[in-house]
Amino acid sequence: MELPVVDLSAERSEVSKLIVKACEEYGFFKVVNHGVPQDVILKLEEQVLSFFSLPLSEKQRAGPPDPLGYGCKNIGFNGDTGEVEYLTLNTNPLSIAQRSITISNNPSKFSSAVSGYVQAVRELACELLDLTAEGLLVSDRSLFSRLIRDVDSDSILRLNHYPIQLDSKDWDTSPSSHANCKVGFGAHSDPQIFTLLRSNDVGGLQISIEDGVWIPVPPDPTAFWVNVGDMLQVMTNGRFVSVRHRALTYSRKSRMSMAFFGAPPLQARIAAPPEMVAPPNSLSLYKPFTWAEYKKTAYSLRLGDTRLDLFKAR
Ligand code: GA4
């Protein structure tokens, strides 16, 4: 199956239409010619690889995932697990600088690699959200991106490492064979607005459009994959659907991914703008709520639970 590809160097109105179509049909698309410099990506990748190659006790200096910090196998607070280790960081520059002290022996180098990446990827997320608003004919074109640009935005960066499976010597490495695969990160949708994901050249990511049918996403280290999150589903009054996805480990090579989760400030009220609640769908599907309320609910549930149902208007 061909997954949608958005070429950001194409004509603006075409791009905005393509994004809307992709978000309606898949809640997912690939972005090429995205403008994030390769050296910004590689600088972070180098730092992340050296972090994950540290002994466990040194990685644990970053603190337990509460939810920010270093985690290994345990996901969230309600018993979910996976074949993954990760580092989750707040994207605020001061917080990055402070955390870096516990993460790296060269904190200023680590901090500058993370900040440079976050700045470039946040900019890309905002550009994509402005194009989304244009494609949806939402009159306030920066309605979505403003939430992520806000100094109090609760956006986070998650660095994932899916280690090689030591018992995988006779595994089939072709992506179509999942005979020996394990779940790296189980099926879920992202709670935030938009997720921008970049990985090394190792596959494992899958998305699901139809219940129980998983589509493998081929790796492309030069591109970004974008997921619609729960908040964008709410703000488009259900026109976009937050995509269910998961990561499997079936390769002899380890997979490394970096995900930027663009989120609103904690106190922001989340609701669809009038254009999205126009006839013939004049009813708002969801009750109004704050991002803090939604996040709290997400953390009280399991990874794969459909939290949006709890916020339905009726
Ligand atoms: C999924 C998307 C992001 O990775 C994340 C995850 C978070 C965590 O790992 O701490 C959650 C998960 C994610 C959704 C439901 C809750 C919260 C684990 C979990 C069981 C950082 C996020 O924001 O939500």
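In this text the structure is predicted, and so the values were computed from the model without any measurement.

Looking now at the overall build of the chain. Each helix and strand counted, the chain has 8 helices and 14 strands in total. Whereas a compact globule of 314 residues would reach a radius of gyration of roughly 20 Å, the chain reaches 19 Å, a difference of no more than 12%. Dimensions along the principal axes, computed over C-alpha positions, put the chain at roughly 55 × 45 × 40 Å. A burial count over the chain gives 41% of its 314 residues as buried. Taking as baseline every contact in the chain between residues at least 6 positions apart, the subset at least 24 positions apart corresponds to 73%.

Quick look at the site of the ligand now. Looking at the ligand, there are 16 residues lining it, with Pro-67, Gly-76, Asp-190, Ala-298 and Leu-303 nearest. At the level of elements, β4 (80-90), β5 (156-162) and α8 (291-300) are the ones that each hand at least two residues to the shell around the ligand. Looking at side-chain class alone, the shell around the ligand contains 8 nonpolar, 4 polar and 4 charged residues.

Turning our attention to the nonpolar core. Of all hydrophobic cores here, the largest spans 78 residues; its most connected members are Ile-19, Phe-28, Ala-125, Phe-194, Leu-196 and Val-226. Residue contributions to this core peak at 12 residues, all from helix α5 (residues 107-135). Ignoring any residue separated from it by four or fewer positions in sequence, one finds Ala-125 in contact with Ile-148, Phe-194, Leu-196, Phe-260 and Gly-262.

The antiparallel open sheet is built from 4 strands, whose spatial order is β6-β11-β8-β9. Here the strands that pair on one side only, and so sit at the sheet edges, are β6 (182-188) and β9 (214-216). For this sheet, the mean angle separating the axes of adjacent strands, direction not counted, is 25°. Sheet analysis places strand β8 (residues 205-208) next to β9, joined by 3 bridges and oriented antiparallel. Bridging across to β9, Ser-208 finds its partner in Trp-214.

Either a parallel or an antiparallel arrangement is found when strands of a sheet pair, and the pairing is made through backbone hydrogen bonds. Taken together, 8 strands build an open sheet; the order of strands is β1-β2-β10-β7-β12-β5-β4-β3 and the sheet is mixed. Two strands bound the open sheet, and with one partner strand each, they are β1 (5-7) and β3 (69-75). Geometrically, the sheet is characterised by an average inter-axis angle of 25° between neighbouring strands, direction not taken into account. Pairing of strand β2 (residues 28-32) with strand β10 (residues 224-228) involves 4 bridges; the strand directions are antiparallel.

Attention now moves to the packing of helix α4 (residues 93-103) against α5. Two quantities define a packed helix pair, namely the angle between the helix axes and the distance between the axes. At a minimum axis distance of 8 Å, the contact between α4 and α5 shows a crossing angle of 140°. Judged on the interaxial angle alone, α5 and α4 are oblique. Viewed along their axes, α4 and α5 form a crossing whose handedness is right-handed. The segment α4 lies against α5, with Pro-93, Ile-96, Ala-97, Ser-100, Ile-101 and Ile-103 engaging Pro-107, Phe-110, Ser-111, Val-114 and Ser-115. Here the residues of the contact of α4 with α5 sort into 8 nonpolar, 3 polar and no charged.

An ideal rise of 1.5 Å per residue puts 20 Å on 14 residues; helix α1 (residues 12-25) measures up with 20 Å between its terminal C-alpha atoms. Once α1 finishes, Gly-27 follows within two positions and takes phi at roughly 65°, a positive value.

With that out of the way, let us pick up the packing of helix α2 (residues 38-52) against α5. Look at α2 against α5: their axes get within 9 Å of each other, and the N-to-C directions meet at 140°. The angle between α2 and α5 falls in the class oblique. Taken as a pair, α2 and α5 cross one another with a handedness that is left-handed. On α5, the residues touching Val-40, Ile-41, Lys-43, Leu-44 and Gln-47 of α2 are Lys-109, Phe-110, Ala-113, Val-114, Gly-116, Tyr-117 and Ala-120. Split into classes, the residues belonging to the contact of α2 with α5 amount to 8 nonpolar, 2 polar and 2 charged.

With that settled, the discussion passes to unusual backbone geometry. In this chain, Asp-66 is followed by Pro-67 through a cis amide linkage whose omega measures 5°. Among the structural elements, Pro-67 can be located in the loop between α3 (56-59) and β3. One non-glycine residue, Lys-73, lies in positive phi territory at about 70°. Relative to the elements of secondary structure, Lys-73 occurs in strand β3.

Time to look at the confidence of the model for the chain. Predicted confidence across the chain gives a mean pLDDT of 94, with 95% of residues reaching 70 or more. Complex prediction metrics read pTM 0.96 and ipTM 0.99.

This paragraph deals with the pairing of β8. The side chains of a regular strand alternate, residue by residue, between the two faces of the sheet. Taking every second residue as pointing to the same face, the buried face of β8 carries Leu-205 and Ile-207, while none of Gln-206 and Ser-208 on the other face is buried. Sheet topology places β8 next to strand β11 (residues 244-249); 4 bridges connect them, and they run antiparallel. Residue pairing in the sheet places Leu-205 in a bridge with Ala-247 of β11. Linkage of β8 to β9, two consecutive antiparallel strands, is achieved through a turn of 5 residues, within which Gly-212 is found at a positive phi near 80°.

The rules behind each value
- Residues numbered from 1 in each chain as written.
- Predicted model: local features only at pLDDT ≥ 70, side-chain atom pairs only at ≥ 80, totals over all residues.
- Helix = DSSP H or I, 4+ residues; strand = E, 2+ residues; numbered from the N terminus.
- Rg over C-alpha atoms; globule rule 2.2 N^0.38 Å.
- Buried ≥ 20, exposed ≤ 12 C-beta atoms within 10 Å, placed from the backbone.
- Contact = placed C-beta atoms within 7 Å.
- Near = placed C-beta within 6 Å.
- Nonpolar A, V, L, I, M, F, W, Y, C, P; charged D, E, K, R; others polar.
- Core = buried A, V, L, I, M, F, W, Y, C linked by C-beta atoms within 7 Å.
- Pairing = 2+ DSSP bridges.
- Axes fitted to C-alpha atoms, helices over the stretch in contact; angles between N-to-C directions.
- Parallel < 35°, antiparallel > 145°, perpendicular 65-115°, else oblique.
- Left-handed = near helix turned anticlockwise from the far one by under 90°.
- Expected span 1.5 Å × (residues − 1).
- pLDDT = per-residue confidence, 0-100.

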